Amino acid sequence: MVDDALRFGILGAARIAPAALVAPARRVPGATVAAIAARDPERAGRFAARHGIPRVLPSYEALVADPEIDAVYVPLPNALHCRWTIAALEAGKHVLCEKPIAASVAEAEAMAAAAARAGRVLIEAFHYRYHPLFTRLRAILDAGELGRVGHLEAHLCFPLPLPADIRYRADLAGGALMDAGCYTVHCLRHLAGAEPEVIEARAEWTRGGVDRCMEARLRFPDGRTARLTCSLFSAWLVRASARVDGSAGRLRVLNPFMPQLFHRLRVVTPAGTRTERVAGPPTYDCQLRAFLAAVREGAPVPTGPDDAIRNMRVIEAIYSRARAGTARAGAAVTT
């Protein structure tokens, strides 16, 4: 461990934590995972032993207050992000918070205000945005290869037939749009470089009041349109893609969200058709490097608090449209 490494504490023994932070901290110089706390101390102990984390603290409060922790990673259920992010910021810690950053726009705004008051870094963990693949997508668009863009799409669907999973709990701010759809909203906004309005949204709801799938249609101020789909369980069994259609060509990318596993970028223009693969480290490594640069050098990041607020505004607007549509049509529910 480097003596001046940024010391992370993890709140909760979440399944995402090993890939999102523990392994990257071993590969990226300047960071180390120093401690973990969980509601169940025994589970935290097992997690620490499995992943070589030196300290297990007895509670979230103890970890947030610990003077030997510089930054806190928050992979807790969505409904707990606001409380513990603000607690960590007020204790003088930098925070890497899993996406979506909060359960509402109001919470995201409170978190942003807390980061500003504390003078600490707060980043929403949209790791895909830091990979060279996304830089390449923007370069193609910025070069005008596709002509005038008219339509964009983003899709993230996967099967999660586990009713007891926290992503099916309304009290923990679960749902397809919150879990998978936050990626698609974010991707469309960042590919378009603009903020959309929600034209239409349609959801299928569980009996617990959680959306198991969502489709939404958006429109940007300059007239460009967009569509997204997301699902935890639907006929859209597996989808992970984005597309941009322009007056002079089109772009398709398979798996823009975890490109280190596999991806394919296909560009069709009058000059011909080409397929690209963009080399790069794991998205989580890229994200951790950006986090360290923000903390150490004040480097700007594309997924900071202001961006997080804007993303939550679109998510809230989609839910509002979908609920209004369901009320008019009669609720469609599943077990």
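Structure: see above.
### Some words on the overall build of the chain
Here comes step 1: Looking only at helices and strands, one finds nine helices and 15 strands in the chain.
Here comes step 2: The C-alpha radius of gyration of the chain comes to 20 Å, within 12% of the 20 Å expected for a compact globule of 335 residues.
Here comes step 3: Taken over the C-alpha atoms alone, the chain extends approximately 55 × 50 × 35 Å along its principal axes.
Here comes step 4: Counting every position in the chain, which comprises 335 residues, the buried fraction comes to 55%.
Here comes step 5: A separation of at least 24 residues holds for 67% of the contacts in the chain among residues at least 6 apart in sequence.
Here comes step 6: Placing the 43 positive and 33 negative side-chain charges of the chain at their respective mean positions leaves the two points 6 Å apart.

### With respect to helix 2 (residues 41–51)
Here comes step 1: Listed as buried for helix 2 are Ala44, Phe47, Ala48 and His51. Axial view of helix 2: buried residues confined to an arc of 100°, hence all on one face. Exposed side of helix 2, more than 90 degrees from the buried face: Glu42, Ala49 and Arg50 are the residues found there.
Here comes step 2: Where helix 2 is buried, its residues contact helix 1 (17–27), strand 2 (31–37) and strand 3 (55–56).
Here comes step 3: By the N-cap criterion, in which a side-chain oxygen at the helix start approaches the backbone nitrogen of a residue two or three places on, helix 2 is capped by Asp40, the distance to Glu42 being 3.0 Å.
Here comes step 4: Looking at the residues trailing helix 2, positive phi occurs at Gly52, about 65°.

### Details of a nonpolar patch on the surface
Here comes step 1: A surface patch of nonpolar side chains, amounting to about 290 Å² of accessible area, comprises Leu254, Leu261 and Phe262.
Here comes step 2: Along the polypeptide, Phe262 turns up in the loop between strand 12 (249–254) and strand 13 (264–269).
Here comes step 3: Judged by its relative accessible area of 39%, Phe262 is partly exposed.

### Describing the pairing of strand 12
Here comes step 1: Every second residue of strand 12 is oriented toward a common face, the buried set being Gly249, Leu251 and Val253 and the non-buried set Arg250, Arg252 and Leu254.
Here comes step 2: Two elements, strand 11 (residues 239–246) and strand 12, share six bridges in a ladder whose sense is antiparallel. Looking at the pairing, Ser241 lines up with Leu254 of strand 12.
Here comes step 3: The antiparallel hairpin formed by strand 11 and strand 12 contains two residues in its connecting segment.
Here comes step 4: Alignment of strand 12 against strand 13, held across five bridges, turns out to be antiparallel.

### A word on the packing of aromatic side chains
Here comes step 1: All chains considered together, the criterion is met by nine aromatic pairs.
Here comes step 2: Here Phe8 and Phe291 contribute two aromatic rings whose centre-to-centre distance is 5.4 Å and whose plane-to-plane angle is 45°, an arrangement assigned as tilted. Taken as a pair, Phe8 in strand 1 (residues 6–11) and Phe291 in helix 8 (residues 283–297) lie far apart in primary sequence, 283 residues in all. Just as Phe8 is buried, Phe291 falls in that class too.
Here comes step 3: Here the aromatic rings of Tyr128 and Tyr183 are separated by 6.2 Å at their centres, their planes lie at 55°, and the arrangement is tilted. Of this pair, Tyr128 sits in the loop between strand 6 (122–124) and helix 6 (132–142) while Tyr183 sits in helix 7 (residues 176–192), and the two are 55 residues apart along the sequence.
Here comes step 4: You can call Tyr128 buried: its relative accessible area is 1%.
Here comes step 5: Members of the aromatic cluster, each reached through a chain of ring pairs, are Phe126, Tyr128, Phe134, Tyr183 and Phe257.
Here comes step 6: Positioned over the ring face of Phe220 is Arg224, at 5.3 Å from the centre of the ring.

Reading the values: the criteria
Residues numbered from 1 in each chain as written. Predicted model: local features only at pLDDT ≥ 70, side-chain atom pairs only at ≥ 80, totals over all residues. Heavy atoms only, no water. Helix = DSSP H or I, 4+ residues; strand = E, 2+ residues; numbered from the N terminus. Rg over C-alpha atoms; globule rule 2.2 N^0.38 Å. Buried < 20%, exposed > 50% of the residue type's maximum accessible area, 1.4 Å probe, protein only. Contact = heavy atoms within 4.5 Å. Lys, Arg positive; Asp, Glu negative; His and termini not counted. Charge placed at Lys NZ, Arg CZ, Asp CG, Glu CD. Arc of directions from axis to C-beta. Polar contact = N/O pair within 3.5 Å; in protein donor to acceptor, adjacent residues only side chain to side chain. Patch = residues over 30% accessible without salt bridge, like charges linked within 9 Å, V, L, I, M, F, W, Y side chains within 5 Å. Areas by Shrake-Rupley, 256 points an atom, 1.4 Å probe, with all protein chains shown as cover. Salt bridge = Lys/Arg side-chain N within 4 Å of Asp/Glu carboxyl O. Pairing = 2+ DSSP bridges. Phe/Tyr/Trp six-rings, centres within 6.5 Å; stacked < 30°, edge-to-face > 60°. Lys NZ or Arg CZ within 6 Å of the ring centre and 35° of its normal.

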